[in-house]
Structures are given as C-alpha cells and as structure tokens.
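Each chain, letter by letter, is given below.
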Amino acid sequence: MTLPSTPPPFAISLSEVQQAHERIRAHIVRTPLLESQTLNHLLGGRIIVKAECLQHAGAFKFRGACNRLLQLSPAQRQAGVVAFSSGNHALATSAVARKLGIPATIIMPSDAPKAKIEGSRANGATVILYDRQNDDREAIGAEIATRTGAVMVPPYDDPHIMAGQGTVGLEIIEQATERGVALDAVIAASSGGGLVAGVATAVKSLSPKTAVYAGEPAGFDELARSLASGQPESNAPGARSICDALQVVRPGKLTFPVNLHLLAGSLVVTDDDVRQAMKAAYQHLKLVVEPGGAVPLAALLAGKLDAADKTIVVILSGGNVDTSVFIEALNR
C-alpha cells in the first residue's frame, strides 16, 4: 500500500500534546522508565519499560481524562460527565471527576473486571452495566447525555483525550534524552488507537527516526488489518480475548488517520503470549500488569519484533487486573 505524500490534517499536533502536558503535569505521575538486565539479555537488546501501570487510577487513561475534564466550563462541571469504557477509561474518568467534584456516570460492559467496576463505584460514579455483545454503549451514553445535559467523554476519539495520552510519548522522549539514549522503537497497545496515536504524534515529531508500533491481541487486531488495507476494518463478532481493555469493533475515526501515516505497523499476540509477558513483568520488574497493558512486552517476548542490538521502549499501559487472572498468568 502506498500512502499519499501529504497526509490529511490530524486531530492533534505536537503543540497540543505539549499544552496538554503543561495542563495536567501537576495532576499526574511522571511514570518511570525501568530496565531489567535479564530481559535485555534474553532479547539481545536494551528493553526499557514505561510503567504507566503506576499512573493514578492504574493506567495511562488518567492523562486523557484529566486533560478533557480540566477544560470543562463551570456549567459543564455542574451538569456532570458520562463515559463508556471497558474499564480503565471508566476508572480514570471517575477518579478525575471525584478529584474535581464533578458528577460522573460510567457505562461499562457487564463482563469487565470486577476491580474496574468496583473501582469506578468507589470513586463515586454511577455505574451502568451493558451487554458487550448486544448493546450499543455509545447509544446508551448519548441518551443519558441528552436527558441530563452531561458532557460525553469518549475513551479515544476526542482530540483532548488523544493529546492527553500523547503525553506518555512526550515523557518517553524527555526521559530518554535525559539518559542520552537514542530509541529505535516504541510499542504501545492499541484498542481504539488513542494512546498509540498520541504517542506517535509526540515521538515522530521529536525523534523522527524512532519507529512506533501498535500492539494488539489476536481476534482484536483490527488496526493491523486496517494498516494493511489502508481503510478501517472491523473485528468479527463474538471474538474473545483476556485483554479486556483492548476490545473494540473498528479503529477510531480520529485516531486511524494518525496511525495510518505514523505507525511502522501493528504487532499481534495471543492470549498465551500475554500471560507470559504478565509473568515476566512481575518476575523481572516487580510490576503488576493487566493483560492489555502487557501486549507490547508480549510482542517482544514472542519475537514479533526483533530486538537484537536495538533500544526499544515498551509501554506497560495498565495494571488493573482481577486477582484470579493475574494468578493464572503467574502459575503458567
């Protein structure tokens, strides 16, 4: 596939990511870059982990939600927000809403991890559960927003959300520069594509030679197929994966053009690959990582990208995992 020489205007720019970082800097954790010499030896390169599982609310999603909610007017804050999410965006939006004193309604799939449902409720949000296979979460959210006047806060297809997530990439380049490290590649998990689009915007602007890859679970690899065809592709109905955070039907309308033009590709892994990565992150880095958050590391461990003699950053994007799922991974 040959891309047009001049890409279309993107939903966000580097300056918007930088502005988002200034806006949210006092509210977020500047998560560390970590290394394991065991992983380096195993993979033959330098593997650096951006530990977003240590972010507030346990995932990178706090960044985008924070950037979006901080820009609400006083009237909008009073009316509240409504968000739909499989979990991490729910936790993040409810956590930021609690911090800012904003009422929040969160629409979540009934099969979402209990830790994410209970966490959202603990943050004071009203949680509405839906059937992932049969119900339309966006329609449910739109009805609530119309009826109550609440502001919709999408999980990825929103410029403010994308810019907030892009601050992960901004920090990666800042931290690598502080260490005097040149990066060959960065890998970020993708669902709707907000994180990897934001990261790619920042990384490719500041370090053009650094390749940016998405990571996806098998069965929910719509971005990999979309990059190959050049147009948005959909996942087959009824697909299943332990990566609850990475299950969408098709790429985002705003995120896909960015990813189509900036990404070097998307790396697809199996559930067993993911479990192996969760165990490796715990053994070698002492990190608790949820399935979706472990996909980038899984891609390297499964040989989806050759790491030999390269310096690669993998973003471990979340750590909100039910105990039973985590124990199963550790026991494999």
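Placed above this text is the structure.
Quick look at the structure, then. Within every chain, residues take consecutive numbers counted from 1 along the sequence as written. A pLDDT threshold of at least 70 governs which residues receive local features in this predicted model, and a stricter bar of 80 or more applies before side-chain atom pairs are shown or counted, although totals over entire chains, interfaces and linings include all residues. With hydrogens and water excluded, all non-hydrogen atoms of the structure serve as input to the side-chain values.

## So, the overall build of the protein chain
Now for step 1: Within the protein chain one finds 14 helices and 10 strands.
Now for step 2: Relative to the 2.2 N^0.38 estimate, which gives 20 Å for 332 residues, the radius of gyration of the protein chain is 18 Å and therefore close to what a compact globule would have.
Now for step 3: Counting only C-alpha atoms, the protein chain reaches 55 × 45 × 40 Å along its principal axes.
Now for step 4: Expressed as a percentage of its 332 residues, the buried residues of the protein chain come to 58%.
Now for step 5: Here a residue-residue contact requires only that any non-hydrogen atoms of the pair lie within 4.5 Å. At a minimum sequence separation of 6, the contacts of the protein chain that also span at least 24 residues come to 74%.
Now for step 6: Here the Shrake-Rupley method, with its probe set to 1.4 Å, supplies the accessible areas, and only the displayed protein chains count as covering residues. Carbon together with sulfur atoms contributes 51% to the accessible area of the protein chain, which is approximately 13,100 Å² in total.
Now for step 7: Between the centroid of the 30 positive side chains of the protein chain and the centroid of its 30 negative side chains there is a distance of 4 Å. Every helix listed is a DSSP run of H or I at least four residues long, and every strand listed is a run of E at least two residues long, numbered separately from the N terminus. The globule rule used here is 2.2 Å times the number of residues to the 0.38 power, and the radius of gyration it is set against is calculated over C-alpha atoms. Classification of residues uses two cut-offs on accessible area relative to the type maximum, computed with a 1.4 Å probe and protein chains only: under 20% is buried, over 50% is exposed, and between them is partly exposed. The charged-residue count follows a simple rule in which Lys and Arg add positive charge and Asp and Glu add negative charge, with His and chain termini not counted at all. Each charge is placed at NZ for Lys, CZ for Arg, CG for Asp and CD for Glu.

## Quick word on the packing of aromatic side chains
Now for step 1: Between 30 and 60 degrees the pair is tilted, below 30 it is stacked and above 60 it is edge-to-face, where a pair is any two Phe, Tyr or Trp rings, Trp via its six-membered ring, whose centres lie within 6.5 Å. Counted by the stated rule, this structure contains one aromatic pair.
Now for step 2: The interplanar angle of 85° and the centroid separation of 5.7 Å between the aromatic rings of Tyr-282 and Phe-326 together place this pair among those described as edge-to-face. Remark: Phe-326 occurs in helix α14 (residues 323-331) and Tyr-282 occurs in helix α12 (residues 271-285); sequence separation between them is 44 residues.
Now for step 3: Using a relative accessible area of 11% as the deciding quantity, one classes Phe-326 as buried.

## Concerning the nonpolar core
Now for step 1: By size, the foremost hydrophobic cluster in this structure holds 38 residues, and its most contacted members are Ile-187, Val-274, Leu-287, Leu-297, Leu-300, Leu-305 and Ile-312.
Now for step 2: Sorting elements by how many residues they give to this core places helix α13 (residues 291-301) first, with seven residues.
Now for step 3: If sequence neighbours within four positions are ignored, Leu-300 has contacts with Leu-43, Ile-47, Ile-187, Leu-305, Ala-307, Ile-312 and Val-314. Residues grouped as a nonpolar core are buried Ala, Val, Leu, Ile, Met, Phe, Trp, Tyr and Cys residues, joined through side-chain atoms within 4.5 Å.

## Description of the pattern of salt bridges
Now for step 1: Any Lys or Arg side-chain nitrogen found within 4 Å of a carboxyl oxygen on Asp or Glu counts as a salt bridge. The tally for this structure, following the rule as stated, stands at 16 salt bridges.
Now for step 2: Arg-30 serves as the salt-bridge partner of Glu-178, at 2.8 Å between the closest nitrogen and oxygen. Remark: Arg-30 occurs in the loop between α1 (14-24) and β1 (33-35) and Glu-178 occurs in helix α8 (residues 159-179); sequence separation between them is 148 residues.
Now for step 3: In this structure, the salt-bridge partner of Arg-63 is Glu-171, at a minimum N-O distance of 2.8 Å.

## Things to note about a negative patch on the surface
Now for step 1: Like charges within 9 Å and nonpolar side chains (Val, Leu, Ile, Met, Phe, Trp, Tyr) within 5 Å are joined into patches, using only residues over 30% in relative accessible area that form no salt bridge. Taken together, Asp-131, Asp-135, Asp-136 and Glu-138 make up a surface patch of like negative charges.
Now for step 2: Positionally, Asp-135 belongs in the loop between β5 (126-130) and α7 (137-148).

## Quick word on the layout of surface pockets
Now for step 1: Considered as a void within the structure, the largest pocket measures approximately 740 Å³ in volume.
Now for step 2: A pocket, in this scheme, is an open set of points on a 1 Å grid over the protein atoms alone with protein on both sides within 12 Å along at least 5 of 7 lines, while a cavity is a set where a 1.4 Å probe fits but cannot get out; residues line either one if an atom lies within 4 Å of a point. Forming the walls of the largest pocket are 27 residues, and the residues nearest its centre are Arg-137, Glu-138, Gln-247, Val-248 and Val-249.
Now for step 3: Three residue categories are used. Nonpolar comprises Ala, Val, Leu, Ile, Met, Phe, Trp, Tyr, Cys and Pro, charged comprises Asp, Glu, Lys and Arg, and polar comprises the others, including Gly. In terms of residue class, the lining of the largest pocket is built from 12 nonpolar, seven polar and eight charged.
Now for step 4: Grid points are joined across faces, edges and corners, and a volume is the space filled by probe spheres set on the points. Empty space within the second largest pocket amounts to approximately 230 Å³.
Now for step 5: As for the second largest pocket, its lining consists of 15 residues, and the residues nearest its centre are Asp-111, Ser-241, Ile-242, Asp-244 and Gln-247.
Now for step 6: For the lining of the second largest pocket, a count of residues per class yields six nonpolar, four polar and five charged.

## Quick notes on the sheet that holds strand β8 (residues 211-217)
Now for step 1: Note on pairing: two strands pair once DSSP finds at least 2 bridges between them. Reading across from one edge, β1-β2-β10-β7-β8-β9 is the order of the six strands in this open sheet, with mixed pairing throughout. Of all the strands in the sheet, the pair left with one neighbour each is β1 and β9 (265-269). Direction aside, the axes of adjacent strands within the sheet are offset by 30° on average.
Now for step 2: Of the strands in this sheet, β2 (46-51), β7 (185-189), β8, β9 and β10 (311-316) touch α13, which is tilted by about 155° from β10. Interaxial angles span 0 to 180 degrees and are taken between N-to-C directions of axes, which are lines fitted to C-alpha atoms, for helices over the stretch in contact.

## Regarding empty space enclosed by the protein
Now for step 1: With the rule as written, the count across this model stands at one cavity of 30 Å³ or more.
Now for step 2: A volume near 280 Å³ is recorded for the largest cavity.
Now for step 3: The wall of the largest cavity is formed by 28 residues, among which Phe-60, Lys-61, Ser-191, Ala-245 and Leu-246 lie closest to the centre.
Now for step 4: Mapped by element, the contributors of at least two residues to the lining of the largest cavity are α5 (88-100) and α9 (194-206).

## What to know about unusual backbone geometry
Now for step 1: One non-glycine residue with positive phi stands out, namely Lys-286, at about 60°.
Now for step 2: Of note, Lys-286 is situated in the loop between α12 and α13.
Now for step 3: Using a relative accessible area of 62% as the deciding quantity, one classes Lys-286 as exposed.
Now for step 4: Of note in the backbone geometry, Asp-309 takes a positive phi value of approximately 60° without being a glycine.
Now for step 5: Along the chain, Asp-309 falls in the loop between α13 and β10.

## Section: the packing of α1 against helix α3 (residues 61-69)
Describing two packed helices takes the angle between their axes plus the distance from one axis to the other.
Now for step 1: With their axes 10 Å apart at the nearest point, α1 and α3 run at an angle of 85° to one another. In terms of orientation, α1 lies roughly perpendicular with respect to α3. Along its contact with α1, which presents Ala-20, Arg-23 and Ile-24, the element α3 presents Arg-63, Cys-66 and Asn-67.
Now for step 2: The residue makeup of the contact of α1 with α3, split by class, is three nonpolar, one polar and two charged. Each angle gets one of four labels, with under 35 degrees taken as roughly parallel, over 145 as roughly antiparallel, 65 to 115 as roughly perpendicular, and the rest as oblique.

Geometric values such as these leave the question of function open.
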